[in-house]
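Each chain is listed here by its residues.
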Amino acid sequence: MDSLQSYLFLSIILFCFGLYGVMTRRNGVAILMGIELILNSANLNLVAFNRFGGLSELLPGHVFALFVIIMAASEAAVALAIIINLYKTFHTVNVDEAHEMRG
Amino acid sequence: MGNVVFIGVAVLVVVSAFFVVTARNLVYSAVALMGTLFGVAGLYVFLYADFMAAVQIVIYVGGILVLIIFGVMLTNKIATPVLIQTSMPNRALAAVVVFLIFLGLTTLLFRTPWHEGATVAPEGTVATIGQALLTKYLIHFEVAGVLLLLALLGAAYLSRRENG
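All figures in this text were calculated on a predicted structure; none of them were measured in a lab.

Thresholds applied
Residues numbered from 1 in each chain as written. Chains lettered and ligands numbered in written order. Predicted model: local features only at pLDDT ≥ 70, side-chain atom pairs only at ≥ 80, totals over all residues. Heavy atoms only, no water. Helix = DSSP H or I, 4+ residues; strand = E, 2+ residues; numbered from the N terminus. Expected span 1.5 Å × (residues − 1). Polar contact = N/O pair within 3.5 Å; in protein donor to acceptor, adjacent residues only side chain to side chain. Patch = residues over 30% accessible without salt bridge, like charges linked within 9 Å, V, L, I, M, F, W, Y side chains within 5 Å. Areas by Shrake-Rupley, 256 points an atom, 1.4 Å probe, with all protein chains shown as cover. Salt bridge = Lys/Arg side-chain N within 4 Å of Asp/Glu carboxyl O. Buried < 20%, exposed > 50% of the residue type's maximum accessible area, 1.4 Å probe, protein only. Contact = heavy atoms within 4.5 Å. Buried area = accessible area lost by both parts, 1.4 Å probe. Nonpolar A, V, L, I, M, F, W, Y, C, P; charged D, E, K, R; others polar. Domains from an automatic or database assignment. Axes fitted to C-alpha atoms, helices over the stretch in contact; angles between N-to-C directions. Parallel < 35°, antiparallel > 145°, perpendicular 65-115°, else oblique. Left-handed = near helix turned anticlockwise from the far one by under 90°. Phe/Tyr/Trp six-rings, centres within 6.5 Å; stacked < 30°, edge-to-face > 60°. Core = buried A, V, L, I, M, F, W, Y, C linked by side-chain atoms within 4.5 Å.

**Some remarks on helix α2 (residues 28-52) of chain A**
End to end, α2(A) covers 37 Å across 25 residues, agreeing with the expected 36 Å (1.5 Å per residue, within 8%). You can read the cap of α2(A) off the contacts: a side-chain oxygen lies 2.9 Å from the backbone nitrogen of A:V29, and it is on A:N27.

Now the structure itself:
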């Protein structure tokens, strides 16, 4: 059970669920949740490769995952600001109803 | 014992991730997302990544998830259950596409002969990560600081009261 493959398989499942959420949700906040799932699967990959890849001097996988988390935090803050603006302007958070600029 | 706990955590991650993307009510989605994030933190513990597990809980569960719940509260009427999915044909198409991607990735995973290096349990990763951040990854660390500052300013600017 405690092998590289099991962690990578879990990460694949997380990625697929996140992708499904991003593709099927219409609510902007729900799409953001799907993106968080995808980022978590990437982080799981990085930490698992760090653990099983035998490169443990400077823990590059952990540091890389840390930067991904930093990126996710700033992305969530800006995305929610945009979504709240969208709600104020269009009174909806469904991303397919905000089509003012569609040609 | 360890195996049982690992399987439990894995099941928690998969089931709650499923609920995140299929729940009809956005609040249930957010609560399920908390389960997924805690589960991933548990997996980090299995991977000897104690610092990453703590960061996962503090930043994801304590920060990003609270932010997302704020977003749900500010943009939804909680009392009415909301339909937040696309139409059925689109969902079926998305499921097929995701399943094909899943098959492709799984085949890749089990066909590749992964090289597994020697695995020594580290004494604790905090000191190593701190040292790495301030020596080898110093520039990345500073750029991350600038990124956080920009995100702070950008979010504050975008969500001002008067829309300029």
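**A word on helix α2 (residues 26-46) of chain B**
All names here are of chain B. Between its first and last C-alpha, α2 extends 31 Å over 21 residues, near the 30 Å set by a 1.5 Å rise per residue. Where α2 begins, the side chain of N25 points an oxygen toward the backbone nitrogen of V27, at a separation of 3.1 Å. Of the residues flanking the end of α2, it is Y48, one or two places downstream, whose phi is positive at about 60°.

**A word on a nonpolar patch on the surface**
All names here are of chain B. Together, I7, V11, V15, F18 and F19 make up a nonpolar patch on the protein surface, roughly 440 Å² of accessible area in all. Take I7: it is sitting in helix α1 (residues 2-22). Owing to a relative accessible area of 40%, I7 belongs among the partly exposed residues under this scheme.

**Quick notes on the interface of chain A and chain B**
On the chain B side, the residues contacting the 67 residues of chain A number 81 residues. Taken over both partners, the interface formed by chain A and chain B buries close to 6800 Å², and the fraction arising from carbon and sulfur atoms is 77%. Per-residue buried area on chain A facing chain B is highest for A:R25, A:M33 and A:R51; these three make up 10% of the total on that side. Applying the counting criterion to the chain A and chain B interface returns 0 salt bridges. Counting every contact that joins chain A to chain B gives 7 residue pairs in polar contact (both at pLDDT 80 or more). Broken down by element, the residue count for the side of chain A that touches chain B peaks at 23 residues, all from helix α3 (residues 60-90) of chain A. Among the residues making up the side of chain A that touches chain B, the classes are represented as 48 nonpolar, 13 polar and 6 charged.

**What to know about the domain arrangement of chain B**
By domain assignment, chain B separates into domain 1 (1-98) and domain 2 (122-164). Placing a centre on the C-alpha atoms of domain 1 of chain B and another on those of domain 2 of chain B gives a separation of 24 Å.

**Digging into the packing of helix α1 (residues 4-24) of chain A against α2(A)**
Residue and element names in this part refer to chain A. Two elements in contact, α1 and α2, have axes separated by 7 Å at closest approach and are oriented at 165°. By the angle between their axes, α1 is roughly antiparallel relative to α2. Helix-helix and strand crossings are classified by hand; for α1 and α2 the assignment is left-handed. Between α1 and α2, the contacting residues are L4, Y7, L8, L10, S11, L14, F15, F17, G18, L19 and V22 on the first element and I31, G34, I35, L37, I38, N40, S41, L44, N45, A48, F49 and F52 on the second.

**Quick word on the packing of aromatic side chains**
This model, assessed by the stated rule, comprises 9 aromatic pairs over all chains. Look at A:F9 and B:F110: their rings are 6.1 Å apart centre to centre, the planes differ by 50°, and that puts the pair in the tilted class. Pair noted here: A:F9 is in helix α1 and B:F110 is in helix α4 (residues 88-111), and the two residues belong to different chains. A relative accessible area of 53% places B:F110 in the exposed class. An angle of 65° between the planes, with centres 5.7 Å apart, marks the rings of A:F17 and B:F18 as edge-to-face. Pair noted here: A:F17 is in helix α1 and B:F18 is in helix α1, and the two residues belong to different chains. Judged by its relative accessible area of 40%, B:F18 is partly exposed. Taken together through their ring pairs, the aromatic side chains of A:Y7, A:F52, B:F6 and B:F46 make up a single cluster.

**Things to note about the environment of A:I70**
By the secondary structure assignment, A:I70 is in helix α3. The spacing of A:I70 and A:I82 is 12 residues in sequence and 19 Å in space, taken between C-alpha atoms. The contact partners of A:I70, leaving out residues within four places of it in the chain, are B:A144 and B:L148.

**A short note on the nonpolar core**
With 69 residues, the main nonpolar core has A:M33 and B:I68 as its most contacted residues. Among the secondary structure elements, those contributing two or more residues to this core are α1, α2 and α3 of chain A together with α1, α2, α3 (50-75), α4 and α5 (126-134) of chain B. The element best represented in this core is α3(A), accounting for 12 residues. When we break this core down by domain, the ones giving at least three residues each are domain 1 (1-98) and domain 2 (122-164) of chain B. Other than its neighbours up to four places away in sequence, B:I68 contacts A:V29, A:L32, A:M33, A:E36, A:L80 and B:L33.

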